[in-house]
Amino acid sequence: MNVRGFSDYKVLANKAFLSESEALAARLKVSLIEEKDLGAFSEETDFLLRYTEQGLVLENLAAKKVNPVIVNFEVGAANHRRLFGGGKGQLIAKAVGFNKTKSDIHICDCTAGLGGDAFVLASLGASLTLIERHPVVFELLNDGLERARCSDSFEVAEIARRISLQTGNAIEILTAKISCNEKYDVVYLDPMFPERKKSASVKKEMQFFHSLVGNDEDSDQLLELALQAALYRVVVKRPKIAPFLASVKPNTQQLGRSSRYDIYSLKKLPD
Ligand SMILES: C[S@@+](CC[C@H](N)C(=O)[O-])C[C@H]1O[C@@H](n2cnc3c(N)ncnc32)[C@H](O)[C@@H]1O
């Protein structure tokens, strides 16, 4: 798979958001492009980041049929999942152990992505530390979380305030945590799994995201560290057909239609 390098990205020097656009281009060390030059923007260097009234958007200019990526927890799938996803009865909630404890739990989601799973977990009452290593994915998620924290919806704002996001490699961050003898209650992992070739079920948006971040080849190592950095359990989300991470068999599983949660229990959750 062709994973995109940073020369493939540009930030639109959008007049209404000029200072934000300039700051973003400087953080990512990519160039700005003016609206008038967009037409000449090569089909090969096609990822455009643009600030809009709705938030930061990533567009794939060469693939017009692929929806732009924006993190918005108040609409669409994220909102639907929060309102109708099944609360503490849904698989991810059972996997983390919400049905086994009334205590507040702190979860470290080491593979934050666009924050969908984390937002569900926070909406169930957990507090979360999120780690995302891809700088563009981090910027999109950070933008979505900042907007959510200022939402007119008291509930959405409260949920987003339970989430803190950091950028970096979770392998290094967990290693530092372990060396300080500190632990998270639960560590959650959802690494990218190699794309199934020619599968119609892999949506265009998913392929787009996959082409951004590539395969997470080091996720076996992440599991080994997660098992040392978690107090109660490690939960790994996998496609149903995928082998166990690091070939380590979990204690239990929650099985869904296309994915599953592998649960590595370390200690009984507090009542
Ligand atoms: C499949 S996505 C996660 C999707 C996420 N669960 C959601 O609901 O949006 C995997 C993400 O984890 C990130 N990632 C993988 N390994 C990582 C690591 N060692 N440190 C930090 N981020 C990592 C990738 O960059 C990618 O954005």
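Residues numbered from 1 in each chain as written. Predicted model: local features only at pLDDT ≥ 70, side-chain atom pairs only at ≥ 80, totals over all residues.

**Q** I'd like a description of the overall build of the chain, backed by residues and values.
**A** Looking only at helices and strands, the chain features 9 helices and 11 strands. The globule rule puts the C-alpha radius of gyration for 271 residues at 18 Å, and the 19 Å found for the chain is close to it. If one aligns the C-alpha atoms of the chain with their principal axes, the spans along those axes are about 60 × 40 × 40 Å. In the chain, which comprises 271 residues, the proportion classed as buried is 35%. (Helix = DSSP H or I, 4+ residues; strand = E, 2+ residues; numbered from the N terminus. Rg over C-alpha atoms; globule rule 2.2 N^0.38 Å. Buried ≥ 20, exposed ≤ 12 C-beta atoms within 10 Å, placed from the backbone.)

**Q** Lay out the sheet that holds strand E1 (residues 9–12) in plain terms, naming residues and giving numbers.
**A** The 4 strands are arranged E2-E1-E3-E4 in an open sheet whose pairing can be described as mixed. In this open sheet, the two edge strands, each paired with only one partner strand, are strand E2 (31–33) and strand E4 (55–60). Strand-to-strand, the axes of this sheet are offset by a mean angle of 35°, without reference to chain direction. Bridge analysis of strand E3 (residues 47–52) against E4 gives 6 bridges, and the strand direction is antiparallel. Looking at the pairing, Arg-50 lines up with Val-57 of E4. Relative to the sheet, helix H5 (residues 135–149) contacts E1 and E4, its axis offset from that of E4 by approximately 145°. (Pairing = 2+ DSSP bridges. Axes fitted to C-alpha atoms, helices over the stretch in contact; angles between N-to-C directions. Contact = placed C-beta atoms within 7 Å.)

**Q** With reference to specific residues and values, describe the environment of Leu-32.
**A** Inspection of the secondary structure assignment puts Leu-32 in strand E2. Assessed through the 17 C-beta atoms surrounding it within 10 Å, Leu-32 is described here as partly exposed. For the pair Leu-32 and Leu-83, spaced 51 residues apart in the sequence, the C-alpha separation amounts to 39 Å. Apart from residues lying up to four places away in sequence, Leu-32 is in contact with Val-11, Ala-13, Ser-21, Glu-22 and Ala-25.

**Q** Hey, could you go over the packing of helix H7 (residues 170–179) against helix H9 (residues 219–229) for me, with residue numbers and the actual values?
**A** Relative orientation of the contacting elements H7 and H9 amounts to 25°, with a least axis distance of 9 Å. The angle between the axes of H7 and H9 places the two elements in the roughly parallel class. H9 is crossed by H7, and the crossing has left-handed handedness. Along the contact surface, H7 presents Ala-170, Ile-171, Leu-174, Thr-175, Lys-177 and Ile-178, while H9 presents Gln-221, Leu-222, Leu-225, Ala-226, Gln-228 and Ala-229. Among the residues making up the contact of H7 with H9, the classes are represented as 8 nonpolar, 3 polar and 1 charged. (Parallel < 35°, antiparallel > 145°, perpendicular 65-115°, else oblique. Left-handed = near helix turned anticlockwise from the far one by under 90°. Nonpolar A, V, L, I, M, F, W, Y, C, P; charged D, E, K, R; others polar.)

**Q** I'd love a proper account of the site of the ligand, names of residues and values included.
**A** What surrounds the ligand is a group of 21 residues, the closest being Thr-111, Gly-113, Gly-116, Arg-133 and Ala-170. Taken together, the elements giving at least two residues each to the shell around the ligand come down to helix H4 (116–123), strand E6 (127–132) and H7. Class assignment of the residues belonging to the shell around the ligand gives a composition of 10 nonpolar, 6 polar and 5 charged. (Near = placed C-beta within 6 Å.)

**Q** How would you sum up the sheet that holds strand E7 (residues 163–167)? Please name residues and give values.
**A** Taken in spatial order, the 7 strands of this open sheet run E7-E6-E5-E8-E9-E11-E10, and their pairing is mixed. Taken across any chain shown, the strands that pair with only one partner, and hence form the sheet edges, are E7 and strand E10 (252–255). Sheet twist, expressed as the mean angle between neighbouring strand axes with direction ignored, is 20°. Relative to E7, E6 runs parallel, the two sharing 5 bridges. Bridge assignment links Glu-132 to a residue of E7, and that residue is Thr-167. Where H5 meets the sheet, its contacts fall on E6 and E7, and the angle it forms with E7 comes to roughly 155°.

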